[in-house]
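# Reading the structure
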Amino acid sequence: QMVNSGDFNNLTAIGSVISQIQQLGGEIRHSQQGYSGFAATFQINEDKLNKLYDYDYDAVNSSIQLMNLTSPSSMIYDTASPASIQTSISQVANLLSAFKQKWALRMEAIENIVLK
């Protein structure tokens, strides 16, 4: 609809958000998986494990919010009022930014546990 309307400003904004979502998806898909070897070189206590669970919960919760914000019913483009989609795009961009920060904190926590 944006292309047919010649609305390249909003198309550029939504394209940027789509690119960021794809980048984050790649980071998550290709992130290091857990390891449960017989002789692990690190110890993890209950507090650290609970903190990791909190990070995982935040990541899952953020992805659900992102899925809801990007559903077809939430991303309605009105050709009569093209600027109306900007609020939705901004909300998705803000949530995506928060998700990236949470994911970075999670990865940092895992790396610090593994390296100790």
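Residues numbered from 1 in each chain as written. Predicted model: local features only at pLDDT ≥ 70, side-chain atom pairs only at ≥ 80, totals over all residues. Heavy atoms only, no water.

The next point concerns a nonpolar patch on the surface. Nonpolar side chains collect at one region of the surface, where Ile44, Leu49 and Tyr53 lie side by side and expose about 270 Å² of accessible area between them. Mapped onto the secondary structure, Ile44 falls in the loop between helix H2 (8–29) and helix H3 (46–69). (Patch = residues over 30% accessible without salt bridge, like charges linked within 9 Å, V, L, I, M, F, W, Y side chains within 5 Å. Areas by Shrake-Rupley, 256 points an atom, 1.4 Å probe, with all protein chains shown as cover. Salt bridge = Lys/Arg side-chain N within 4 Å of Asp/Glu carboxyl O. Helix = DSSP H or I, 4+ residues; strand = E, 2+ residues; numbered from the N terminus.)

The next subject is the pattern of salt bridges. Tallied over the full model, the rule gives 1 salt bridge. Residue Arg106 pairs with Asp56 through a salt bridge whose shortest N-O separation is 2.4 Å. Note that Arg106 is positioned in helix H4 (residues 85–115) and Asp56 in helix H3, a separation of 50 residues in sequence. What makes Arg106 buried here is its relative accessible area of 14%. (Buried < 20%, exposed > 50% of the residue type's maximum accessible area, 1.4 Å probe, protein only.)

Quick look at the confidence of the model for the chain now. Averaged over all residues, the pLDDT of the chain equals 85, while 86% of them reach at least 70. Looking across the chain, the model is least confident in H4, with a mean pLDDT of 86, and most confident in H2, with 91. (pLDDT = per-residue confidence, 0-100.)

Nonpolar side chains in soluble globular proteins tend to end up buried together. Formed by 15 residues in total, the largest nonpolar core has its most connected members in Met2, Leu66, Ile85, Ile89 and Trp103. Residue assignment for this core shows that the elements contributing at least two residues are H2, H3 and H4. It is H4 that contributes the most residues to this core, 8 residues altogether. The residues touching Ile89, leaving out its near neighbours within four places in the chain, are Asn10, Ala13, Ile14, Val17 and Met75. (Core = buried A, V, L, I, M, F, W, Y, C linked by side-chain atoms within 4.5 Å. Contact = heavy atoms within 4.5 Å.)

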